[in-house]
Amino acid sequence: MFGNGEVEWESIFQAIGNPSIILDIEHNIISANRATIKSAGVSSEKDLIGKKCYEIFHNTTEPPEGCPLQKLLVSGSFEQSEMEIEAFGGVFHVSCTPVFNDSNDKKGIKKVIHIATDITELKLSEKKLKEQQQLLIAINRGQQNFIASEDKKIAFEQLLEDIVALTDSEYGFIGEVMFTSQGNPYLKVYAISNIAWKEETRKLYEENLERDFKFHNLKNLFGYTLLTGEPVISNDPLNDPRSGGIPKGHPPLKAYLGLPIMYGDKMVAMLGIANRPGGYTEEQINLLQPLLNTIGQLVTARWVLEERNRIELELIESKNRLTKILDNINAFIYVSDMNTYEILYVNKYGREAVGDVIGRICWEVLQEGQRGICPFCTNEKLLNADGTPKGAYVWEHYNAKVNRWYECRDQAIYWIDGRLVRLEIATDITERKNIEKALRESEENYRRLFEDHAAAKL
């Protein structure tokens, strides 16, 4: 192929480590170096000469999209492209350099030097880097949404959208693992791709929406994961023995990946995605694992928060009910800290007697003229030797501040925050005391009258 004087060029051409060929403007192979012969898997250059390059390297009947030779024939100058070369099993940077006749214009192109440089590893690294960046974005966005949004449906929807995009899937779902009162697991789906491409799928989507997306039928691919805690890779779902088929109106299911979302050894949620081109492998499981770990932590943290909020709400409701009851009792009721003597609660009866004294020190505002702890304080009588609450201690006390007598029923109890407090229920017995005093005076007067009468007889 090379004329006299081109032996050196031939040596250089053969020594090029990348697959290199010489083409005419009709895509016919004129010459091929050793690297091309090896990469194409043929025995000699003769197996390639005269063949169309795209037939050999791309297994097509016409030049592929982005073909640099096609672009060169238009521009008349050097062209390059990144493209997959199926015969070589990878992605290559392909350059085409024109060799001109004496005219040196694009009509005078004599031949084209075609060199393919393997960039498969580079592209894989770029792809992996991009996936890692997308993964970090999904993790950060998921954390922010779980923290900022009270509605976890919003957080799940964004997570599902990110996962579907990251894995190049067509649709999916994600939800929490729940249990019936009998202990049977089911899936409460918080996010599902809207797959209403036609009337039947729209109807199926709306029916599940009405049922709040609670899936109890576990005789299917997602049920297998829910029951076993194991991932499911199924690239032929229709013939998979674990599959229970798909309901009427369900979109085509060509490939499926079901993944458990764990927190420790407990499955707290589950992800299902479908129809990735080429199906699913362990590669997608490994890619998503950091995100799934994060979701497991976020779901569990939200459960803890929800449980705490539920308990706090119950405590508030319980306190409100108790307050309502205590406010309707015709007695002075207050609660104070047994160490600081701070007043924590006063019922309506007490507030009407002494005002709003919550947060104040009991001996300062409930008694008259006290400069320190009351000498008659009963706190020590309310606890056992080990510091645990005793039963009620009942005593009577005259309160000079309000000029009333009270029967006091004191008891140590655990307050809503867990600390020991003093509960006193003081019932006004002033009238009883006045009656008792009047009775004593009457008895005393009668005794004196009797004694005076007896003395007169003597």
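Structure first, text after, so check above.
For the structure given in this document, a descriptive report is provided here. (Residues numbered from 1 in each chain as written. Predicted model: local features only at pLDDT ≥ 70, side-chain atom pairs only at ≥ 80, totals over all residues. Heavy atoms only, no water.)

## Side note on the overall build of the protein chain
Across its full length, the protein chain carries 12 helices and 16 strands. With the C-alpha coordinates aligned to their principal axes, the bounding extent of the protein chain is approximately 175 × 50 × 40 Å. In the protein chain, the proportion of contacts linking residues at least 24 apart, taken out of those at least 6 apart, comes to 47%. Here the protein chain displays about 26900 Å² of accessible surface, and carbon together with sulfur accounts for 51% of that area. Computed over 53 positive and 67 negative side-chain charges, the separation of the two mean positions in the protein chain equals 5 Å. (Helix = DSSP H or I, 4+ residues; strand = E, 2+ residues; numbered from the N terminus. Contact = heavy atoms within 4.5 Å. Areas by Shrake-Rupley, 256 points an atom, 1.4 Å probe, with all protein chains shown as cover. Lys, Arg positive; Asp, Glu negative; His and termini not counted. Charge placed at Lys NZ, Arg CZ, Asp CG, Glu CD.)

## Regarding unusual backbone geometry
Even without glycine at this site, Asp-168 takes up a positive phi of about 60 degrees. Inspection of the secondary structure assignment puts Asp-168 in the loop between α6 (152-166) and β6 (171-179). Although it is not a glycine, Tyr-341 sits at a positive phi angle of roughly 70 degrees. By the secondary structure assignment, Tyr-341 is in the loop between β12 (332-337) and β13 (343-346). A residue is classified by how much of its surface remains accessible, and Tyr-341, at 16% relative accessible area, is buried. (Buried < 20%, exposed > 50% of the residue type's maximum accessible area, 1.4 Å probe, protein only.)

## Topic: the packing of helix α5 (residues 120-148) against helix α9 (residues 282-327)
Packing of α5 against α9 brings their axes to within 10 Å, and their N-to-C directions diverge by 10 degrees. For the element pair α5 / α9, the angle class is roughly parallel. Contacts between α5 and α9 pair Lys-127, Glu-131, Gln-132, Leu-135, Ala-138, Ile-139, Gly-142, Gln-143 and Phe-146 from the former with Glu-283, Leu-287, Pro-290, Leu-291, Thr-294, Leu-298, Val-299 and Arg-302 from the latter. (Axes fitted to C-alpha atoms, helices over the stretch in contact; angles between N-to-C directions. Parallel < 35°, antiparallel > 145°, perpendicular 65-115°, else oblique.)

## Focus: the environment of Val-335
Within the secondary structure layout, Val-335 lies in strand β12. In this structure, the C-alpha to C-alpha distance between Val-335 and Thr-388, residues 53 residues apart in sequence, is 17 Å.

## Some words on the sheet that holds strand β7 (residues 185-192)
One open sheet accounts for six strands, arranged β8-β7-β6-β11-β10-β9; its pairing is antiparallel. Strands with a single pairing partner mark the edges of an open sheet, and in this sheet they are β8 (214-215) and β9 (232-234). Bridge analysis of β6 against strand β11 (residues 266-274) gives six bridges, and the strand direction is antiparallel. Each bridged residue has a counterpart across the sheet, and for Ile-174 the counterpart in β11 is Leu-271. Most of the contacts of α9 go to strand β10 (residues 256-263), to which it runs at about 40 degrees, and overall it touches β6, β9, β10 and β11. (Pairing = 2+ DSSP bridges.)

## Observations concerning the packing of α6 against α9
Across the interface, α6 lies against α9 with an axial gap of 12 Å and an inter-helix angle of 175 degrees. It follows that α6 is roughly antiparallel to α9 by the angle criterion. In contact with Lys-152, Phe-156, Leu-159, Ile-163 and Leu-166 of α6, α9 contributes Leu-287, Leu-288, Leu-291, Ile-295, Val-299, Arg-302, Trp-303 and Glu-306. Classifying every residue of the contact of α6 with α9 gives 10 nonpolar, no polar and three charged. (Nonpolar A, V, L, I, M, F, W, Y, C, P; charged D, E, K, R; others polar.)

## Some words on the side chain of Asn-28
Residue position: Asn-28 is located in the loop between β1 (20-23) and β2 (29-32). A polar atom in the side chain of Asn-28 sits 3.3 Å from the side chain of Lys-52. With sequence-adjacent residues up to four places away left out, Asn-28 is seen in contact with Ile-22, Leu-23, Gly-50, Lys-51 and Lys-52. (Polar contact = N/O pair within 3.5 Å; in protein donor to acceptor, adjacent residues only side chain to side chain.)

## Focus on the pattern of salt bridges
Tallied over the full model, the rule gives 21 salt bridges. We note a salt bridge from Lys-123 to Glu-82, for which the minimum N-O separation is 2.6 Å. Here Glu-82 lies in strand β3 (residues 79-85) and Lys-123 lies in helix α5, a separation of 41 residues in the sequence. For Lys-123, a relative accessible area of 25% puts it in the partly exposed group. Given the relative accessible area of 48%, Glu-82 is considered partly exposed. Each of Glu-396, Arg-432, Lys-433 and Glu-436 takes part in a single network of salt bridges with overlapping partners. (Salt bridge = Lys/Arg side-chain N within 4 Å of Asp/Glu carboxyl O.)

## A few points about the environment of Ile-29
By the secondary structure assignment, Ile-29 is in strand β2. Leaving out residues up to four positions away in the same chain, Ile-29 has contacts with Ile-21, Ile-22, Leu-23, Leu-48, Ile-49, Gly-50, Lys-51, Cys-53, Ile-56 and Phe-57.

## Some details on the nonpolar core
Residues Phe-156, Leu-271 and Ile-295 are the most contacted members of the largest nonpolar core, which totals 31 residues. Elements with a contribution of two residues or more to this core: α5, α6, β7, β10, β11 and α9. With eight residues, α9 is the largest single contributor of residues to this core. The residues touching Ile-295, leaving out its near neighbours within four places in the chain, are Phe-156, Leu-159, Ile-163, Ile-174 and Ile-261. (Core = buried A, V, L, I, M, F, W, Y, C linked by side-chain atoms within 4.5 Å.)

## Points about the packing of aromatic side chains
Inspection of the entire model under this criterion finds nine aromatic pairs. Note on Phe-215 and Phe-222: the rings are 6.0 Å apart at their centroids and 55 degrees apart in plane angle, and the pair reads as tilted. The class of Phe-222 is buried, set by a relative accessible area of 12%. An angle of 90 degrees between the planes, with centres 6.1 Å apart, marks the rings of Phe-332 and Tyr-334 as edge-to-face. Take Phe-332 and Tyr-334: they sit in the same class, and that class is buried. An aromatic cluster is present here, built from Phe-57, Phe-88 and Phe-92 joined pairwise through their rings. Across from the ring centre of Tyr-190, 5.2 Å away, lies the NZ or CZ of Lys-188, which sits over that ring. Note that Lys-433 overlies the ring of Trp-405, its terminal NZ or CZ placed 4.5 Å from the centroid. (Phe/Tyr/Trp six-rings, centres within 6.5 Å; stacked < 30°, edge-to-face > 60°. Lys NZ or Arg CZ within 6 Å of the ring centre and 35° of its normal.)

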